[in-house]
Amino acid sequence: MAFGALGFAATLNLINVDRFIVQQNIARWERTGKLDAWYLSTLSEDALPELAASVHRLPQEDQDLVLAELACR
């Protein structure tokens, strides 16, 4: 049990969870057209590089929301 917990904690350090969330949300938007831009804008600073690289692919109104939230940081 302790080994599993240690492995889980190590994995969190290896994978950028917020970056992964951005990637999955952008992929879902491309498949379904559904996006929670507000949620994306509330992620931690770990998500910023991926979000900045992907924001141009979003619809204009979602771009505006995400960029406005990011500008406030």
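Rules used in this analysis
- Residues numbered from 1 in each chain as written.
- Predicted model: local features only at pLDDT ≥ 70, side-chain atom pairs only at ≥ 80, totals over all residues.
- Heavy atoms only, no water.
- Helix = DSSP H or I, 4+ residues; strand = E, 2+ residues; numbered from the N terminus.
- Rg over C-alpha atoms; globule rule 2.2 N^0.38 Å.
- Buried < 20%, exposed > 50% of the residue type's maximum accessible area, 1.4 Å probe, protein only.
- Contact = heavy atoms within 4.5 Å.
- Areas by Shrake-Rupley, 256 points an atom, 1.4 Å probe, with all protein chains shown as cover.
- Lys, Arg positive; Asp, Glu negative; His and termini not counted.
- Charge placed at Lys NZ, Arg CZ, Asp CG, Glu CD.
- Patch = residues over 30% accessible without salt bridge, like charges linked within 9 Å, V, L, I, M, F, W, Y side chains within 5 Å.
- Salt bridge = Lys/Arg side-chain N within 4 Å of Asp/Glu carboxyl O.

## Some words on the overall build of the chain
Within the chain, the regular secondary structure consists of five helices and zero strands. Along its sequence from the N terminus, the chain presents helices and strands in the succession α-α-α-α-α. Since a compact globule built from 73 residues should have a radius of gyration of about 11 Å, the 14 Å found for the chain marks it as more spread out than a globular shape. Overall, the chain is about 45 × 30 × 15 Å in size when its C-alpha atoms are taken along their principal axes. With 73 residues in all, the chain has 29% of them scored as buried. For the chain, restricting intrachain contacts to residue pairs at least 6 apart in sequence, the fraction spanning at least 24 positions comes to 58%. About 5,000 Å² of surface is accessible on the chain, with carbon and sulfur atoms providing 61% of the total. Averaging the locations of the 6 positively and 10 negatively charged side chains of the chain gives two centres separated by 8 Å.

## Thoughts on a nonpolar patch on the surface
On the surface, Ile15, Val17 and Phe20 cluster together into a nonpolar patch covering about 240 Å² of accessible area. Residue placement: Val17 occurs in helix H2 (residues 17-32). Here Val17 falls in the partly exposed class, since its relative accessible area comes to 37%.

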